[in-house]
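Reading the structure
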Amino acid sequence: MWLAALVVGITILLWATSLLPEFITALLFFAAAMLLHIAPAATVFNGFASSAFWLVLSGFVLGLAIRKVGLADRLGYALAAPLTTSWLRMVGGVIIISYLLAFVMPSNMGRIALMMPIVGALAKQAGLREGGRGWIGLALATGFGTFQLSASILPANVPNMVMMGAAENSFGLHPGYMPWLFLHTPVVGVLKGVLLTLCICWLFPATPQPVQRQPRLPALSGEELRLMAVLLLTLLLWMTDSLHGISPAWVGLTAACFCLLPRVGFLTGEAFGNGVNFRTCLYVAAILGVTAVVVDSGLGEAIASALLTVAPLDKASPFLSFISLNAITTALNFVVTANGVPAMFTPMANSFAEASGFSLMTVMMIQVFAYATPLLPYQASPIVVAMGLGNVPPRDAIKLCLMVALVSTLVLLPLDYLWFKLLGYL
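Residues numbered from 1 in each chain as written. Predicted model: local features only at pLDDT ≥ 70, side-chain atom pairs only at ≥ 80, totals over all residues. Heavy atoms only, no water.

1. A closer look at the overall build of the protein chain
Broken down by element type, the protein chain carries 22 helices and 0 strands. In summary, the protein chain has a C-alpha radius of gyration of 21 Å against a globular reference of 22 Å for 426 residues, a match within 12%. Buried residues in the protein chain amount to 55% of all 426 residues. For the protein chain, restricting intrachain contacts to residue pairs at least 6 apart in sequence, the fraction spanning at least 24 positions comes to 80%. (Helix = DSSP H or I, 4+ residues; strand = E, 2+ residues; numbered from the N terminus. Rg over C-alpha atoms; globule rule 2.2 N^0.38 Å. Buried < 20%, exposed > 50% of the residue type's maximum accessible area, 1.4 Å probe, protein only. Contact = heavy atoms within 4.5 Å.)

Rendered as structure tokens:
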């Protein structure tokens, strides 16, 4: 366990400080984990077998196809006139669209794959150059808006689904769609969206060129019509995954394979090799591998138990207990990332409930705010993917993470407590 803690700690430190490029740190983690035998190969390389990894890879392919056939530019033109009148409106519009899309698409990665090419085309229409402050701001608006706000919608976020599964397996509890939505939408959804918009506008100021009217576009080409059919079918299967039982990852992978087929597809092998950001794919696989190693080695359970012994949980001080449970979730987020937090936290919820005096359901619901507010980008793989698609430097994403987390803790967390209390959860 101590060797695992050393390897995981150094990996997280390198990602947090960006002393090395993220993909080199990922490769070093794989090498160190195997050389030191801290976990079986199946655990270390668990990320490559994860549906999240294949959603990332297929998302890159779908994004390339959307750009290549011209659909991204077409949709960018459609959004340009209403959104480019001001920078505040442009950022807010992208965040709102990202949030609304979460109600119909269950996959964070899939939503980012669809949104990023369109947002890139929108940025070009507004005269925002690639790599500039405005471009980076819109890319981060897509990533942060997609991941953080979707935590308020039960099936739209992987950590939510992990928590639901852990609650059913551990306690036989079944969180409902509408109670979840009503409890988390005001703060985690709406107010967090406003906060994100203001932080991005302040950190990444830009002046978009207003697009007065949409230019006359040529008729849809055969390639565009074929790709639209593929995307609509993919979207339909993503939306109905609870009915047919096929993971969104395998639906996305099938769509990506079609895009790469000779004659009927849209991309050549050369375009695939040059356009897919394999650095980000390796990064995501390593993040998932770190989580698997922490769980497999017992390190996560040891950390959670240690946190329970030092956390100031007191039945007489509900606000202090509320803050403490959020702090425990935040601490776990450093070692198991957002997808792994509910798997660690939820089985221990009964102990937390006894110490704090809260109900079991209340304790489980408290963690949502914290795992939806990462302190560093690596803690949320969808944000990492958006950074890769938008070529966002790590330092810019870290700045936004820290600012949003700080303001969320000082302003939104007390409001979340009051909302829980108003609804009778405390």
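2. So, the side chain of Q367
With respect to the secondary-structure elements, Q367 resides in helix α20 (residues 360–371). One polar contact links Q367 to T346, side chain to side chain, over a distance of 3.1 Å. Of note is the side chain of Q367, whose polar atom sits 3.2 Å from the backbone oxygen of M364. Residues within four places of Q367 in sequence aside, it is in contact with M163, T329, V341, P342, F345 and T346. (Polar contact = N/O pair within 3.5 Å; in protein donor to acceptor, adjacent residues only side chain to side chain.)

3. Let's talk about the nonpolar core
Among the nonpolar cores identified, the biggest contains 145 residues, and F29, L138, L140, L227, L325, L332 and L400 are the most heavily contacted of them. If you tally residues by element for this core, the top one is helix α5 (residues 51–69), at 12 residues. Excluding residues that lie within four positions of it along the chain, L332 makes contacts with G300, I303, A304, L307, T337, V341, M344 and F345. (Core = buried A, V, L, I, M, F, W, Y, C linked by side-chain atoms within 4.5 Å.)

4. Comments concerning the packing of α20 against helix α22 (residues 394–422)
For the pair α20 and α22, interaxial distance at closest approach is 11 Å and the crossing angle is 155°. Relative to α22, α20 is oriented roughly antiparallel. Where α20 crosses over α22, the two elements pack in a sense that is right-handed. Where α20 abuts α22, its residues T362, M365, I366 and F369 lie against S408, L412, L413, D416 and F420. Of the residues belonging to the contact of α20 with α22, the class tally is 6 nonpolar, 2 polar and 1 charged. (Axes fitted to C-alpha atoms, helices over the stretch in contact; angles between N-to-C directions. Parallel < 35°, antiparallel > 145°, perpendicular 65-115°, else oblique. Left-handed = near helix turned anticlockwise from the far one by under 90°. Nonpolar A, V, L, I, M, F, W, Y, C, P; charged D, E, K, R; others polar.)

5. Regarding the pattern of salt bridges
Tallied over the entire structure, the rule returns 3 salt bridges. Here R279 ties to E22 by a salt bridge, and the two come within 3.5 Å at their closest N and O atoms. Placement of R279 in helix α16 (residues 278–296) and of E22 in helix α2 (residues 22–35) is noted, with a sequence separation of 257 residues between them. A residue is classified by how much of its surface remains accessible, and R279, at 41% relative accessible area, is partly exposed. With a closest N to O distance of 3.2 Å, D396 and R133 form a salt bridge. Linking D396 in helix α22 with R133 in helix α9 (residues 133–150), this pair joins segments that are 263 residues apart in sequence. (Salt bridge = Lys/Arg side-chain N within 4 Å of Asp/Glu carboxyl O.)

6. Observations concerning α5
Spanning 19 residues, α5 covers 27 Å between terminal C-alpha atoms, matching the ideal 27 Å at 1.5 Å per step. The element α5 is largely enclosed, with a buried count of 15 among its 19 residues. Remark: G70 follows α5 within two positions and exhibits a positive phi of approximately 100°. (Expected span 1.5 Å × (residues − 1).)

7. With respect to the packing of aromatic side chains
Considering all chains together, one arrives at 17 aromatic pairs under this definition. Residues F48 and F53 carry aromatic rings whose centres are separated by 5.1 Å and whose planes lie at 65° to one another, so their mutual orientation is edge-to-face. By relative accessible area, F48 is classed as partly exposed at 28%. Taken together, a centroid distance of 5.5 Å and an interplanar angle of 70° make the contact between F322 and F420 edge-to-face. Separated by 98 residues along the polypeptide, F322 in helix α18 (residues 318–345) and F420 in helix α22 bring together distant segments of the chain. Neither F322 nor F420 differs from the other in exposure class; each is buried. (Phe/Tyr/Trp six-rings, centres within 6.5 Å; stacked < 30°, edge-to-face > 60°.)

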